[in-house]
Every structure is written in structure tokens, then in C-alpha cells.
Amino acid sequence: MPLTTFHPHKNIDKFGRFLIIGCGSIGKRHLRNLRQLGIKDLAAFDVRQDRLDEIQKEFDIPVFNDLESALCYDVRVALICTPTSLHIPPALAAARKGCHLFIEKPLSHSLESVDELIEEVMQHNLLTLVGCNFRFHPGLQYIKNLIENEKIGRVMYAGAKFGQYLPDWHPWEDYRHGYSAQRSLGGGVILDRVHEIDYLRWLFGEVKELYCSADHVSNLEIDTEDVAEIIMHFSGGMVASAHLDYISRRYMCELEVLGEAGSIYWSYQDSKVAVYLASDQTWHSVIWEKYDPNSMYLEEMQHFINVLAGLEESQQDVEQASRVLRIALAAKQSAITGSKVAL
């Protein structure tokens, strides 16, 4: 499934200036994608001058090392791309200035001030989207369609798996200095890979209780958990598991769904969905050749622009994202207490 062709909204200029807050790798990705999607009025903020120098050199846009000054620069839309523990303060500052918000996943590392942000968003009637790029992967979209059309009957179980050796994530930088490795910045594989929690909820509905076992088991120089096993019980009666780790030496991102009439297997790394139907005891496969991972981010940002234009409803606003965050934090709590947690 190729990337949907983007047609700039006829009133695209009315969106005003977009400010990227945090110019690490994801901030740069969003800047490039916004440019590709026709957004020209851009600015950037970061506390690191070296990053601002890189941004100015590559994009030739206004840059700021003071957030208040940046937000006063006629900004209408803010993208929060800071480390997880630093999402809420700039989001609140931007919301109070009347900025629509895109916030990278997860919404935060705790529930502190989350309700305050939701209240500000509602009070100012702001549009929001919290990063959920895996919802825009053609494999998961295909699976959602299969489930909604009951192609494998009633779903009873789903198992999501993600694993990748943390030093391989950004091989150009020291993993020990990244937010993933630092609890104080909101790191740890549960929050880092909230993708699996998010898309399981997207596919199967609300989680009513969970149990999690998580620990730091490797020699990685981090102070966060590097492996987690989460068992979730959904309101609809099904059970799902999520395996998350920083230790797998081969990249692994996949999902298995078991239904009364068949099963589904998705492999991100193989760009493949295979469907087994019990009725004819055969596998049916769909393969996406040469899939560009950036397509998910482009689709996600196109969706956000369509939300701003009033063409689509946000797939995950701040209130919905707070529910996903509560699931992730419940998993961390369960790992500490060794008990089930109700949601």
C-alpha cells in the first residue's frame, strides 16, 4: 500500500507558523516531512546550540534557544519533540498561547499535570494529536480491517513482540546519553515502546486489568528496565500480551492474532501479513515490497494537517493518549508490586 498522495489544503497558509520544540532526530524528521507536505512557515526551538546550528544550516528557518521568545513568534502550531519527561511543560506553555499541538509519544512519563494540559486544550478549543505512527503502517491497517470484518471470527488472543538491541537504535550516538537509557528522562522499554500498547488498544479496545514483569537483565549501562512482559485483559473478553525488550540482537516487531475461525501474523521487518483461514486450512499473504519506514511518519503528519484543516478527526488526542499512558504506567506499577493492576 503506497503512501497516500498529499494534496495541500487550499487554505494551508491559514494554519500559521509551525514551531518544532526539540530538534533531536525525531524533531528533524518532522521538519523534513512538514516541508515535504507543503508546510513552509517553520521555526525551531532547542536548548542546545549545536542542534540549532544544524537546523539553521539544513532548513534555513528561524531558531530560538528561549521558548517564550519562540512562542511569541506568531506560532499557531507546536510540535513537542523533547525527551518524554519534558513533554508537558512546553506543551502547557504552547497551549496557553493558543497553539494546536502535536506531541511525540508517549504523552509523558507520569500523570503529573496531564489533566491540566487536557483542561487547557479544552478551554482553548485546541486540536491535538499524540504520536501514533504505527497506526499508519499498512500492515496494521490491513489487520484492523480484517478484524472489523470478522475475517477470523471472534478474536480471543493477540501477542505483540518488539525487540532491538538498544545500542543499535541510534548507532551514531552513545546510547548511554539518550533518554531511553535514563529513568529521569522517561526512558525504559515500556514507555519507549508504548507503540505496542497503543496499537493493541486501537485494535481491541479498552484494557480492564494487567499484569507485568519487567527488569534490567542485561549488561547495558542504563538505569531502566530492558525487558518487559505485559499481560492485558480487555473489556471485550480477550487477552493480549506484549513482549518488549532492548536486548534482542535481531530486530523484531510482529503481531499474532488468534480468532475462532483463523489467525493473523504480521511482521514489520518482513513487510508481510499472513492470514490462516480454518475453513480451507490455507495461508493467504500480503507483502509490501521496499517499504520505507518514513511513510508512517509522513502519513501521521498528513493526518495531523488534515485534522488542522477540519478534514479528519484526531486519531489520538491528548485525552485518548492519557489512557494509553495510564496503561503503560500501570504496567510499571505492576512490575514493582508484583500484582495485577485494574484500570
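Whatever comes next refers back to the structure up there.
What you are looking at is a predicted structure, and each value in this text was computed from that prediction instead of being measured.

1. Structural notes on the pairing of strand β14 (residues 282-287)
For step 1, the next point in the chain: Pairing analysis gives 6 bridges linking strand β13 (residues 272-277) to β14, with the strands arranged antiparallel. From the neighbouring strand, valine 275 faces β14, where its bridge partner is histidine 284.
For step 2, the next point in the chain: Linking β13 to β14, which pair antiparallel, is a turn of 4 residues; within it glutamine 281 sits at a positive phi near 55 degrees.

2. Let's talk about the packing of aromatic side chains
The geometry of two aromatic rings is summed up by the distance between their centres and the angle between their planes.
For step 1, the next point in the chain: Per the stated rule, a full pass over the model turns up 13 aromatic pairs.
For step 2, the next point in the chain: Measuring from ring centre to ring centre gives 5.9 Å for tyrosine 251 and tyrosine 268, while their planes differ by 50 degrees; the resulting arrangement is tilted. Residue tyrosine 251 is located in the loop between β10 (239-245) and β11 (252-259), and its partner tyrosine 268 is located in the loop between β12 (262-267) and β13; the two are separated by 17 residues in the primary sequence.
For step 3, the next point in the chain: Overall, tyrosine 268 belongs to the buried group, its relative accessible area being 13%.
For step 4, the next point in the chain: Taking NZ or CZ as reference, arginine 193 lies 3.8 Å from the ring centre of phenylalanine 162, over its face.
For step 5, the next point in the chain: Over the ring of tyrosine 165 we find arginine 249, and its NZ or CZ is 3.7 Å from the ring centre.

3. Let's talk about the layout of surface pockets
For step 1, the next point in the chain: Of the volumes computed, that of the largest pocket is approximately 1,600 Å³.
For step 2, the next point in the chain: Ser25, Ile26, His170, Glu173 and Tyr179 are the residues nearest the centre of the largest pocket, which is lined by 49 residues in total.
For step 3, the next point in the chain: Sorting the residues of the lining of the largest pocket by element identifies α1 (25-36), α2 (49-59), α4 (88-96) and α9 (294-308) as the ones contributing at least two each.
For step 4, the next point in the chain: Broken down by element, the residue count for the lining of the largest pocket peaks at 4 residues, all from α1.
For step 5, the next point in the chain: Of the residues that constitute the lining of the largest pocket, the class distribution is 24 nonpolar, 13 polar and 12 charged.
For step 6, the next point in the chain: If you add up the space inside the second largest pocket, you get close to 260 Å³.
For step 7, the next point in the chain: If you go around the second largest pocket, you meet 14 residues; those closest to its centre are Val121, Leu126, Leu127, Thr128 and Asp317.
For step 8, the next point in the chain: At the level of elements, α5 (114-123) and α10 (318-337) are the ones that each hand at least two residues to the lining of the second largest pocket.
For step 9, the next point in the chain: Across the lining of the second largest pocket, the residue classes tally to 7 nonpolar, 3 polar and 4 charged.

4. Looking at the sheet that holds strand β2 (residues 42-45)
For step 1, the next point in the chain: With parallel pairing, 6 strands are arranged side by side in an open sheet as β3-β2-β1-β4-β5-β6. Of all strands in the sheet, those bounded by a partner on one side alone are β3 (63-64) and β6 (128-130).
For step 2, the next point in the chain: With 2 bridges joining them, β2 and β3 adopt parallel strand pairing. From the neighbouring strand, phenylalanine 45 faces β3, where its bridge partner is phenylalanine 64.
For step 3, the next point in the chain: Against the sheet, α4 touches β1 (17-21), β4 (75-80) and β5 (100-103), its axis set at about 165 degrees to β5.

The rules behind the values
- Residues numbered from 1 in each chain as written.
- Predicted model: local features only at pLDDT ≥ 70, side-chain atom pairs only at ≥ 80, totals over all residues.
- Heavy atoms only, no water.
- Pairing = 2+ DSSP bridges.
- Helix = DSSP H or I, 4+ residues; strand = E, 2+ residues; numbered from the N terminus.
- Phe/Tyr/Trp six-rings, centres within 6.5 Å; stacked < 30°, edge-to-face > 60°.
- Buried < 20%, exposed > 50% of the residue type's maximum accessible area, 1.4 Å probe, protein only.
- Lys NZ or Arg CZ within 6 Å of the ring centre and 35° of its normal.
- 1 Å grid on protein atoms, 1.4 Å probe; cavity = no way out; pocket = protein on both sides within 12 Å on 5 of 7 lines; lining within 4 Å.
- Points joined across faces, edges and corners; volume = space filled by probe spheres on them.
- Nonpolar A, V, L, I, M, F, W, Y, C, P; charged D, E, K, R; others polar.
- Contact = heavy atoms within 4.5 Å.
- Axes fitted to C-alpha atoms, helices over the stretch in contact; angles between N-to-C directions.

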